[in-house]
Amino acid sequence: LIMSYKYRLKRINTITKKWKLNKIHPLITTYKIKKNFFEEFKFNLKLYISKAMSINFEENDKKFMKNVDRARGNRKNITPNGAIVPKREYHLEYNMVLRSWCELIKLITVNDKNLLKLFRITPNIRVKFGKEINENKNRGLSTSVPHSDAWVEGPWGMNCFIPFLGDVKKNNLQFYEPKNLFEDKFLTDSPSYKKMQWVMKYYKPISRIVPKIGNVHFSDYAAIHNTYRKKNSGTRISIDTTIFVGNHTPHKDRIKEYTKKIPSIGLDQFIDSGQYEKDVPASKISAYSHYTSKVLKIIKL
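In this text the structure is predicted, and so the values were computed from the model without any measurement.

What counts, and at which threshold
- Residues numbered from 1 in each chain as written.
- Predicted model: local features only at pLDDT ≥ 70, side-chain atom pairs only at ≥ 80, totals over all residues.
- Heavy atoms only, no water.
- Core = buried A, V, L, I, M, F, W, Y, C linked by side-chain atoms within 4.5 Å.
- Buried < 20%, exposed > 50% of the residue type's maximum accessible area, 1.4 Å probe, protein only.
- Helix = DSSP H or I, 4+ residues; strand = E, 2+ residues; numbered from the N terminus.
- Contact = heavy atoms within 4.5 Å.
- Phe/Tyr/Trp six-rings, centres within 6.5 Å; stacked < 30°, edge-to-face > 60°.
- Pairing = 2+ DSSP bridges.
- Axes fitted to C-alpha atoms, helices over the stretch in contact; angles between N-to-C directions.
- 1 Å grid on protein atoms, 1.4 Å probe; cavity = no way out; pocket = protein on both sides within 12 Å on 5 of 7 lines; lining within 4 Å.
- Points joined across faces, edges and corners; volume = space filled by probe spheres on them.
- Nonpolar A, V, L, I, M, F, W, Y, C, P; charged D, E, K, R; others polar.
- Salt bridge = Lys/Arg side-chain N within 4 Å of Asp/Glu carboxyl O.
- Expected span 1.5 Å × (residues − 1).

Chemist: Tell me about the nonpolar core, and please be specific about residues and values.
Modeler: In this structure, Ile49 and Leu104 are the most contacted members of the largest nonpolar core, which totals 53 residues. Per-element tally for this core: the top contributor is helix 4 (residues 91–108), with eight residues. If near-sequence neighbours (up to four positions away) are discounted, Leu104 is found in contact with Tyr31, Ile33, Phe37, Phe41, Ile162 and Val216. Judged by nonpolar contacts, the second largest core, of 27 residues, contains Phe161, Met200, Ile209 and Ala222.

Quick look at the structure:
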């Protein structure tokens, strides 16, 4: 094994031990969210989505998902990749989601805060419809294409993925692991996932891992993944984002999305989404940057 790969495996072992996680693969470890906390987080998420998609809020998850599916045509606040973009009309609800997100990571890292070097304030809140959105089909950065976030973020981050609602049996993440050899060049920068598909001949699917609702899945960037839909799949709602453990930094165009300390959103700061629904969507700084990075502002209270 090359040194960098050994280091990756060791890093997963370290966070598993220090943060009391449950390792399910040499490159993937998980945290089960406590039921009450999960329900509150899901409530805030549903509230945010109902505002962004102009649908009725439903306490019942199945009814709520039906409303989401009916509103599939209303995507003025949704990217082709299914990310729900925060806008000022509902940024109070957005901040409630962010508050839950920050509190969750504080809970997970409580036994060793120093391991977490960089925390991303802007997780992707995604609606992945049962059928792919047409505009996403041929995009270079479609997450339905097997990819590593290293290709747009630099090689050293970790993914966090939390499924919340919907059809996770048929619409979920598929992970891949190196077949037998790993090389650092598998994780070089690229403005397009498609250009990096040559890496896949060195990888094989990890068939036994199906992410579960209510669990946070931390995976090293060396574990490649994609959105995978089986036949007749339903819609799923999930959060995905990235963190940095150890002395590393992301791509320079993304550094502004990260903070060293986990903020207390709603207590000492508020995130202004920086754009209204009627505004022309803000363009990205570069192929590497996030859809919020040009307009999002942090307001200290």
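Chemist: Lay out the packing of aromatic side chains in plain terms, naming residues and giving numbers.
Modeler: One pass over the structure, following the stated rule, counts 18 aromatic pairs. Aromatic side chains Phe38 and Phe164 sit 5.2 Å apart centroid to centroid with 10 degrees between the ring planes, which places their arrangement in the stacked category. Here Phe38, found in helix 2 (residues 35–52), pairs with Phe164, found in strand 5 (residues 158–166); they are 126 residues apart in sequence, far enough to count as distant. The class of Phe38 is buried, set by a relative accessible area of 8%. Given a relative accessible area of 1%, Phe164 falls into the buried group.

Chemist: An account of the sheet that holds strand 9 (residues 224–229) is needed here, citing residue identities and associated values.
Modeler: Consider a sheet: its strands pair through backbone hydrogen bonds, and that pairing is either parallel or antiparallel. Read across the sheet, three strands follow the order 7-6-9 without closing on themselves; strand pairing throughout is antiparallel. In the strand order of this sheet, the two ends are held by strand 7 (203–205) and strand 9, each with one partner. Put simply, the sheet's adjacent strands are angled 35 degrees from each other on average, direction ignored. Across three bridges, strand 6 (residues 171–178) lies against strand 7 in antiparallel orientation.

Chemist: Tell me about the layout of surface pockets, residues and numbers included.
Modeler: Taken as a whole, the second largest pocket holds about 250 Å³ of empty space. Lining the second largest pocket, in full, are Lys106, Thr109, Lys113, Asn114, Leu116, Lys117, Lys260, Lys261 and Ile262. Here the residues of the lining of the second largest pocket are counted per class, giving two nonpolar, two polar and five charged.

Chemist: A description of the pattern of salt bridges should follow, citing residues and the corresponding values.
Modeler: One pass over the structure, following the stated rule, counts 19 salt bridges. With a closest N to O distance of 2.5 Å, Lys42 and Asp61 form a salt bridge. Here Lys42, found in helix 2, pairs with Asp61, found in helix 3 (residues 61–70); they are 19 residues apart in sequence, far enough to count as distant. On the basis of relative accessible area, Asp61 is assigned to the partly exposed category, the value being 26%. Here Lys46 and Asp61 are joined by a salt bridge, their closest N and O atoms 2.6 Å apart. Of this pair, Lys46 sits in helix 2 while Asp61 sits in helix 3, and the two are 15 residues apart along the sequence. Through salt bridges that share partners, Lys35, Glu39, Lys42, Lys46 and Asp61 make up one connected network.

Chemist: Run through the environment of Asn67, naming residues and quoting values.
Modeler: Along the chain, Asn67 falls in helix 3. Between the alpha carbons of Asn67 and Ile125 there is a distance of 17 Å; along the sequence they are 58 residues apart. Once residues within four sequence positions are removed from consideration, Asn67 is found in contact with Ile55, Asn56 and Glu58.

Chemist: Please give an account of helix 2 that cites residues and values.
Modeler: Here helix 2 is 18 residues long and its end C-alpha atoms lie 26 Å apart, about the 26 Å a rise of 1.5 Å per residue gives. Along its buried surface, helix 2 packs onto helix 3, helix 4, strand 4 (124–128), strand 5 and strand 10 (236–245). Directly after helix 2, the chain includes Ser54, whose backbone phi takes a positive value near 50 degrees.

Chemist: If you had to explain the environment of Tyr90 to someone new, which residues and values would you point to?
Modeler: When you line up the elements, Tyr90 lands in the loop between helix 3 and helix 4. Look at Tyr90 and you get buried, because its relative accessible area is 1%. Between the C-alpha atoms of Tyr90 and Ile28, which are 62 residues apart in sequence, the distance is 34 Å.

Chemist: Tell me what's going on with the pairing of strand 5, and back it up with residues and numbers.
Modeler: Extensive coverage of strand 5 is indicated by the burial of eight of its nine residues. Direction of pairing for strand 5 relative to strand 8 (residues 215–220): antiparallel, over a ladder of four bridges. Within strand 8, the residue paired with Met158 across the bridge is Asp220. One ladder, built from eight bridges, connects strand 5 with strand 10; its direction is antiparallel. In the strand pairing of strand 10, Cys160 is matched with Thr241.

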